Amino acid sequence: MRVLIADPIAPDGAEILEQRGVDADTRLGLKEDELTAAIADYDGLIVRSETKVTPGVLAAAKKLQVVGRAGVGYDNIDVEAATGHGVIVVNAPSSNTISAAEHTLAMMLSVARHVPQAHSSLAGGEWNRRKFLGTELRGKTLGIVGLGRIGTEVARRAAAFEMRILGYDPFVAEEHGRHLGAEIVNLPTLFEQSDIITLHTPMTDSTRRLIGEPELSQMKSGAILINCARGGLVDEDALRSAIEDGRIGGAALDVFITEPPEGSPLFQHPNVVVTPHLGASTEEAQSNVAREVAEQMIDVFEGRTPRYAVNAPLVPPETAAELAPYVPLALVVGRLASQLADGQPERLSISFRGAVGELATDILAATVLSGFLQTGTETRINIVNAGTEANRRGIHVQQSKDATQTLPYTNLVNLDVQTTAGETTVGATLTERGQTEIVQVNGYQVGIIPTGGHWMIIRHTDRPGMLGRIGTVTGENNINIASLHVSRESMRGPALTVVNVDESPEPRHIDAILGIDGVDTVRVVNL
Ligand code: NAD
Ligand code: MLT
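The rules behind each value
Residues numbered from 1 in each chain as written. Chains lettered and ligands numbered in written order. Predicted model: local features only at pLDDT ≥ 70, side-chain atom pairs only at ≥ 80, totals over all residues. Heavy atoms only, no water. Helix = DSSP H or I, 4+ residues; strand = E, 2+ residues; numbered from the N terminus. Rg over C-alpha atoms; globule rule 2.2 N^0.38 Å. Buried < 20%, exposed > 50% of the residue type's maximum accessible area, 1.4 Å probe, protein only. Contact = heavy atoms within 4.5 Å. Areas by Shrake-Rupley, 256 points an atom, 1.4 Å probe, with all protein chains shown as cover. Lys, Arg positive; Asp, Glu negative; His and termini not counted. Charge placed at Lys NZ, Arg CZ, Asp CG, Glu CD. Polar contact = N/O pair within 3.5 Å; in protein donor to acceptor, adjacent residues only side chain to side chain. Axes fitted to C-alpha atoms, helices over the stretch in contact; angles between N-to-C directions. Parallel < 35°, antiparallel > 145°, perpendicular 65-115°, else oblique. Left-handed = near helix turned anticlockwise from the far one by under 90°. Nonpolar A, V, L, I, M, F, W, Y, C, P; charged D, E, K, R; others polar. Near = heavy atom within 4 Å.

Peer 1: Hey, could you run me through the overall build of the protein chain in this one?
Peer 2: In terms of helices and strands, the protein chain carries 18 helices and 22 strands. For 527 residues, the compact-globule estimate of 2.2 N^0.38 gives 24 Å, and the protein chain sits close to it at 25 Å. With the C-alpha coordinates of the protein chain rotated into their principal frame, the extents come out at 80 × 60 × 45 Å. Evaluated residue by residue, the protein chain yields a buried proportion of 52% over its 527 residues. Counting only contacts in the protein chain whose residues sit at least 6 apart along the sequence, the fraction spanning at least 24 positions is 65%. A total of about 23,400 Å² of accessible surface is found on the protein chain, and carbon and sulfur atoms cover 49% of it. Taking the 44 positively charged and 65 negatively charged side chains of the protein chain as two groups, their mean positions are separated by 3 Å.

Written as structure tokens, this is what we have:
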């Protein structure tokens, strides 16, 4: 076996591979065409964030079994393309948590006390104590966006500085916040009340430009923004204007939209501190991530399930055959419910009725749970870690089964999500043809066969012309409707329309549908 190490990692990784008879070649700084030309000879590839693992690289990787990301965020790897090529992607989600949290605190103190600017001034021969008047952290409000591994450790450390802590994370329970001494609030409240805001979410389609001009305008005058997660979370131009206008008091940035960044006037600003993506750059974290990734590579080469597979199916072989048809169904039920639910999740009740009630439903319940939790994290949530992840987030999970039939279905999987904002329910059945069919959404009978494309779930009042108006919005915006399903509680009463469209609707299209008289809510989901 041969592994290509394409970004710098600690020597521990290569040592582990070599000890197990794997050849490890370190070739740093390869351009995309060079990597594409080289990859055909390798069974494994290890990267950090510099190397982009693109569909082109993966298409050329004829022998590749596994890509290892020596770190948490794998937004530089095209996971979908890897899955399409049967390549397992693994990451090292917990190895650099403490380093990233400590760096966040270092950045917070640096910007609050102007440490880098004062250093440069003194090193440049100036002795100026007045210029660098700082602020204390004690008594200030810290808003943490994303209370996962790193956000949680930041909260713990900030508590020691006697800060008041607010947290926003749609995928953790209020109980998790309480344990940390953090108050879980919505995003506008966090923006309005925080003196310092720190970002700790993954980079996904839903977090891209999480902080733009509208969000900066909601922040307290003089607030400080810290970003040690991913550059793409922040609109850098909007941040620059807000800092130059004095609306935002300062920023500390470890990550940038383009890395290395092409330079920015912000870098010279007296209230801005920047570091070149150093969150995980400690001896400890680098040794841990290198080891964790190398060990998982060996697992894959030796036919074992790696601990943090991002895209690998994990149904144990002995039960795989009977459970396999229900796995996509269980994932879809969890995934849909998580995209529909508002508020903080508190309790998930999963029930299995009919034929499915005779199977190993613990594994299916964990699959439903992983579908639910996966939406908000880059950590691979699978049947092995779904329960632990729910526990860690303070979400209670209960399961029930009953093998008696639930006519008209021979089998039925239902998920009931209780959140601080109310209840969301989704039910699905496996049809005779072995297809997943979602049959119930929030009590409405539906008949959705989850296919590709985008789904708009629209709650509205049943009235003449409603579908025509929705169709006019999609038609005028060149959005092609693949299927449409209407369900209603009563004639001219509350109704739910599910529309499958080929093109992704933009926020302005959703606003146009919301503007139709009688439409209550529109949710775009991916199944
Ligand atoms: P994690 O998966 O443990 O936590 C991420 C949290 O974000 C989860 O709790 C999730 O529920 C939450 N989340 C998802 N979408 C959200 C949204 N829209 N709003 C609010 N919260 C949301 O990951 P982690 O280990 O804490 O790492 C977080 C990110 O930090 C990584 O994805 C990575 O990109 C970045 N990171 C950067 C460095 C660095 O060197 N600067 C080092 C490690 C990690
Ligand atoms: C990560 O996501 O783990 C970070 O980007 C750390 C890194 O690899 O430098």
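Still more to cover.
Peer 1: Help me out: how do you make sense of the environment of T97 in this one?
Peer 2: Looking at the element boundaries, T97 is found in helix α5 (residues 97-113). Judged by its relative accessible area of 8%, T97 is buried. When the C-alpha atoms of T97 and G151 are compared, they prove to be 9.0 Å apart, with 54 residues separating the residues in sequence. Apart from the residues lying within four places of it in its own chain, the contact partners of T97 are R149, I150 and E153. A distance of 3.3 Å separates a polar side-chain atom of T97 from the backbone oxygen of S94.

Peer 1: I would appreciate a short explanation of the packing of helix α14 (residues 326-340) against helix α15 (residues 361-374) in the present structure.
Peer 2: Think of two packed helices as two axes; the pair is described by the angle between the axes and how far apart they sit. Running from amino to carboxyl end, α14 crosses α15 at an angle of 40°, the nearest separation of the two axes being 6 Å. Taken together, the axes of α14 and α15 lie oblique to each other. Regarding α14 and α15, the two cross each other, and that crossing is right-handed. Two secondary-structure elements touch here, α14 through Y326, V327, A330, L331, V333, G334, R335, A337 and S338 and α15 through L364, T367, V368, S370, G371 and F372. When the residues that make up the contact of α14 with α15 are grouped by side-chain class, the tally is 9 nonpolar, 5 polar and 1 charged.

Peer 1: Got a minute to help me understand the side chain of T141 in this structure?
Peer 2: With respect to the secondary-structure elements, T141 resides in strand β6 (residues 141-145). Ignoring anything within four residues of it in the chain, the contact list for T141 reads R164, L166, Q193, S194, D195 and I196.

Peer 1: Explain the site of ligand 1 here, please?
Peer 2: If you check the shell around ligand 1, you find 30 residues, and the closest are I150, D169, G376, T377 and E378. Contacts to ligand 1 include G148, whose backbone N or O atom sits 3.4 Å from an oxygen atom. D169 places a polar side-chain atom, nitrogen or oxygen, 2.6 Å from an oxygen atom of ligand 1. Expressed as a share of its isolated accessible area of 860 Å², the protein-covered part of ligand 1 is 96%.

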